[in-house]
Amino acid sequence: MRLKTSLLKEPKHKELVSCVGWTTADELYSSSDDHQILKWNLLTNETAQIVRLAEEIYPIDLHWFPKTTGGKKQMQAEIFVLTSTDGKFHLVSKTGRVEKSVEAHRGAVLAGRWNYEGTALVTVGEDGQIKIWSKTGMLRSTMVQQGTPVYSVAWGPDSDKILYTSRKQLIIKPLQPNAKVLQWKAHDGVILKIDWNAVNDLILSGGEDCKYKVWDSYGRLLYSAQAHDYPITSVAWAPDGQLFAVGSFNTLRLCDKTGVRNVLNDALDVLEFRDRVIKASLSYGHLVVATSLQCYVYSTKNWNTPLVFDLKEGTVSLILQAERHFLLLDGAGIYLYSYEGRLISSPKFPGMRTDILSSQTVSISNDTIAVRDQADDKVIYLIDAPSGKPFSDGKPLVHKIEVMEVALDQFGSPSERKIAIIDKNRDLYITSVRRFGKEQKIIKIGTMVHSIAWNDKINILCGMQNMYFVVWYYPNTIYVDKELLSKTVYEKDASEFGKSPQIVNYVGNQVTIRRADGSLIYTSISPYPAILHEYVSASRWDDAVRLCRFVKTTTPEEEQTMWSCLAAMAIAHKDLMTAEVAYAAIGEIDKVQYINLIKDLPSKESRMAHLLLFTGNTQDAEGTLIQAGLIYQAIQVNINLYNWDRALELAVKYKTHVDTVLAYRKKFLEDFQKEESNKRFLQYAEGVEVNWEKIQAKIEMEFAKERERAATVTTGSRSTPLNR
């Protein structure tokens, strides 16, 4: 990517240009010490004078009112705030009319910024004061009074705190009274300019020490540039948080780059566009390019004839691709297109604000769109991709604390779709997208995780966990046998990737990682787990077993991982024979014995219920038995788990085996030398006789009935998948 500057047609500024502000991707307003405000159009290469300010007004800073609030354009979005050396700020319309001038500070007003909702304006000045104003210019409060000038200010992503400069210090002050203030020394000289991006939550600063630096919102240094020849006088993030610009004397730097090359045959195609390229994405065999006016969709098999369609707005901030379609995000909304250029859907949800969405807070798959709510960071909206509407139950996914990143897996049916979540504590969770009336289980599978990516073809998840690069070969293991999860995970030291690496993508067997200095490096993943996934999805169990045995002979360190993955996959697909072989291979003898017990059960329903018990789904197991009329089995399940109250409740409700429950309860208490203290058990013990001979006879009768019914049902039929 190259940074191109142009001098357009007359008129032009004759003095120092002090501030600029973009209205769209193609329209720029600038103000200068020559008292002019000019509008520059990059499409027509024309410039026009909007207004000539009064001679006493020397502008310092300019900031446009937020373009979207709540997903709807506001009339007030047509104004900007202009601060000046005369101690005033001015509200100026897009046509150049000065709507209001307000006495704000003693000395120059050095900066003014609207918050992201457009409900408040903050100004800072040479007098060392920071003031909050209403959107109409009425003073609300004076937040800070210090003895040195405040050169720059920025709002936090949620508009609930402000960042400002105090000589060499950066200070984050919440709006709430008595809240904790965060302060740290950021530069060796006076800090002149700062910016805080709402998408990536990162802070950019530049100062008289001739350096620019990147910080996280906790004040931790992520990047520090080498000293330039002159002080850094201006810094600014791109809205999507992917790039930033740095200004100094006679110097303008754009920090990042990207490019495309065919590495298969080293062919190089030069793609030229009529308008400026804003965003590009290459994945799933398609290159999607957004310019200021149009979207181009190329197939990697044919670069000569792209599909082209017009965009509603020329401010595309994000492109996400899935196998069947891609998503465009601009200042007006979210749009899902097919690779043939057909608009599939345009999702809407309450309080939608597209200007602060990013690849961390939006994810797509072939059937689902997941979007984190901007108003409440704990809420994730799950949307049906083809229709653009929420799922049938209409309820969003709600996590217990703020969500930082969401990622949908890419393979499998919609009913099996999973979403991975990183929360504010950097804990990694996984859950099903579709609930089908059941309570949603959000289960933790990792801690201290700060970057994740799903494989583009197989549901394998990779991430940066603390100081390790980690691959979860079968994340669904947590739902099948959580004790097995650690054995299905691959780890390696991540020190080679440097400080704060970010995963860009996970394609095939290769993961692309961006280091803190912007360079891209690659790491390879073993191909065997992906092949195992393919065999299992095709029900080729014998081939899966042979693959695990082959891996044992070639790479012994992968042996336990492969067998563990196969064991979990076999249980998930209810293939008990393969599960028995896999568990035996990793030495889980107790589970092999339990699987043999399940195989020997007479009815399909009881085998299914005990398989659910194996995976920890007690409630579902009980429901399966009750629905099949196997009441005693349901009671016995609760007795075995020492759920005494539930066992008695079922016995009383169905008027059977009350004496059985009382007998087992009495034996349990005798074994531990305790007295009965449960009032319900004391109540029923008075009127029910406990006779072990009668109880054993009833239990034998229950099993006989079950065997008889199972024999009747399966006569002449093939065996069930539970036995294979």
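As shown above, the structure is provided for reference.
The notes below deal with the structure included here.

1. A look at the environment of His450
- By secondary structure assignment, the location of His450 is in strand β43 (residues 449–454).
- For the pair His450 and Ile695, spaced 245 residues apart in sequence, the C-alpha separation works out to 57 Å.
- Once you skip the residues sitting within four places of it in the chain, His450 turns out to touch Glu405, Ile422, Arg426, Met464, Asn466, Pro501 and Gln502.

2. What about the side chain of Asp373?
- Among the secondary structure elements, Asp373 is positioned in the loop between β35 (368–372) and β36 (379–384).
- No salt bridge forms around the buried Asp373; measuring N to O, its nearest opposite-charge neighbour Arg372 is 7.7 Å away.
- Of note is the side chain of Asp373, whose polar atom sits 3.3 Å from the backbone nitrogen of Ala375.
- Residues in contact with Asp373, not counting those within four places in the same chain, are Pro350, Val379 and Tyr381.

3. What to know about the packing of helix α6 (residues 589–600) against helix α7 (residues 604–614)
- Contact pair α6 / α7: the axes reach a minimum separation of 9 Å and the direction vectors enclose 160°. On the basis of the axis angle, α6 is roughly antiparallel to α7. The interaxial crossing formed by α6 with α7 has right-handed handedness. Here Lys591, Tyr594, Ile595, Leu597, Ile598 and Lys599 of α6 lie close against α7, whose contacting residues are Arg607, His610, Leu611, Leu613 and Phe614.
- The class makeup of the residues in the contact of α6 with α7 is 7 nonpolar, 1 polar and 3 charged.

4. Details of the environment of Ala582
- Tracing the chain through its elements places Ala582 in helix α5 (residues 576–585).
- C-alpha of Ala582 to C-alpha of Met569: the two residues are 13 residues apart in sequence and 9.9 Å apart in space.

5. Focus on the packing of aromatic side chains
- Under the definition given, this model contains 26 aromatic pairs.
- A ring pair is formed by Tyr632 and Phe703, whose centres lie 6.2 Å apart and whose planes are at 85°; its orientation type is edge-to-face. With Tyr632 in helix α9 (residues 631–640) and Phe703 in helix α13 (residues 692–714), this pair connects stretches of sequence that are 71 residues apart.
- Judged by relative accessible area, Tyr632 falls into the buried class, the value being 6%.
- Taking 5.3 Å as the distance between ring centres and 35° as the angle between the ring planes, the aromatic pair formed by Tyr642 and Phe668 counts as tilted. Of this pair, Tyr642 sits in the loop between α9 and α10 (644–654) while Phe668 sits in helix α11 (residues 658–671), and the two are 26 residues apart along the sequence.
- Judged by relative accessible area, Phe668 falls into the partly exposed class, the value being 22%.
- By the ring-pair criterion, three or more aromatic residues cluster together here, those being Tyr212, Tyr223, Trp237 and Phe244.
- Its end group placed over the ring of Tyr479, Lys418 keeps NZ or CZ at 5.6 Å from the ring centre.
- In this structure, Arg665 packs its charged tip against the face of Phe681, placed 4.8 Å from the ring centre.

6. Points about α9
- With respect to burial, α9 is a largely interior element, 9 of its 10 residues being buried.
- Looking only at α9, the buried set comprises Ile631, Tyr632, Gln633, Ala634, Ile635, Gln636, Val637, Asn638 and Ile639.
- Downstream of α9 by one or two residues, Tyr642 has phi in the positive range, about 60°.

7. Some thoughts on the nonpolar core
- Phe469, Leu532, Leu566 and Tyr583 are the most contacted members of the largest nonpolar core, which has 47 residues in total.
- For this core, the leading source of residues is helix α4 (residues 559–572), giving 9 residues.
- With sequence-adjacent residues up to four places away left out, Tyr583 is seen in contact with Asp481, Leu484, Ala567, Ile571, Glu588, Lys591, Val592, Ile595 and Phe614.
- Ala647, Leu650, Ala651 and Leu662 belong to the second largest nonpolar core, which has 20 residues in total.

8. Topic: the pairing of strand β12 (residues 120–125)
- Counted residue by residue, β12 has 6 buried out of 6 residues, so it is predominantly covered.
- Pairing of strand β11 (residues 109–114) with β12 involves 5 bridges; the strand directions are antiparallel. Of the residues in β12, the one forming a bridge with Ala111 is Val124.
- Hairpin connection of β11 to β12: 5 residues between the antiparallel strands, including Gly118 at a positive phi of 75°.
- The loop that links β12 with its antiparallel partner strand β13 (residues 129–134) comprises 3 residues; one of these, Gly128, has a positive phi angle of about 80°.

9. Some points on the sheet that holds strand β27 (residues 286–291)
- One open sheet accounts for 4 strands, arranged β26-β27-β28-β29; its pairing is antiparallel. Of all strands in the sheet, those with a lone pairing partner are β26 (277–283) and β29 (302–310), marking the two edges. Put simply, the sheet's adjacent strands are angled 20° from each other on average, direction ignored.
- Bridge count for β27 against strand β28 (residues 294–299) is 5 bridges, and the pairing is antiparallel. Of the residues in β28, the one forming a bridge with Val288 is Val297.

10. Comments concerning the pattern of salt bridges
- The full count for this structure, using the stated rule, is 27 salt bridges.
- With its nearest N and O atoms 2.8 Å apart, the salt bridge here joins Asp409 to Arg417. Across the pair, Arg417 and Asp409 agree in class, each one buried.
- Put simply, Arg646 and Glu649 hold a salt bridge, and the shortest N to O gap is 3.0 Å. With Arg646 and Glu649 both in helix α10 and 3 residues apart, this pair spans about one turn of that helix.
- By relative accessible area, Arg646 is classed as partly exposed at 29%.
- Accessibility expressed as a relative area gives 38% for Glu649, which makes it partly exposed.
- Several salt bridges converge on common partners, so that one network encompasses Glu27, Lys39, Glu78 and Lys94.

What counts as what
Residues numbered from 1 in each chain as written. Predicted model: local features only at pLDDT ≥ 70, side-chain atom pairs only at ≥ 80, totals over all residues. Heavy atoms only, no water. Helix = DSSP H or I, 4+ residues; strand = E, 2+ residues; numbered from the N terminus. Contact = heavy atoms within 4.5 Å. Buried < 20%, exposed > 50% of the residue type's maximum accessible area, 1.4 Å probe, protein only. Lys, Arg positive; Asp, Glu negative; His and termini not counted. Salt bridge = Lys/Arg side-chain N within 4 Å of Asp/Glu carboxyl O. Polar contact = N/O pair within 3.5 Å; in protein donor to acceptor, adjacent residues only side chain to side chain. Axes fitted to C-alpha atoms, helices over the stretch in contact; angles between N-to-C directions. Parallel < 35°, antiparallel > 145°, perpendicular 65-115°, else oblique. Left-handed = near helix turned anticlockwise from the far one by under 90°. Nonpolar A, V, L, I, M, F, W, Y, C, P; charged D, E, K, R; others polar. Phe/Tyr/Trp six-rings, centres within 6.5 Å; stacked < 30°, edge-to-face > 60°. Lys NZ or Arg CZ within 6 Å of the ring centre and 35° of its normal. Core = buried A, V, L, I, M, F, W, Y, C linked by side-chain atoms within 4.5 Å. Pairing = 2+ DSSP bridges.

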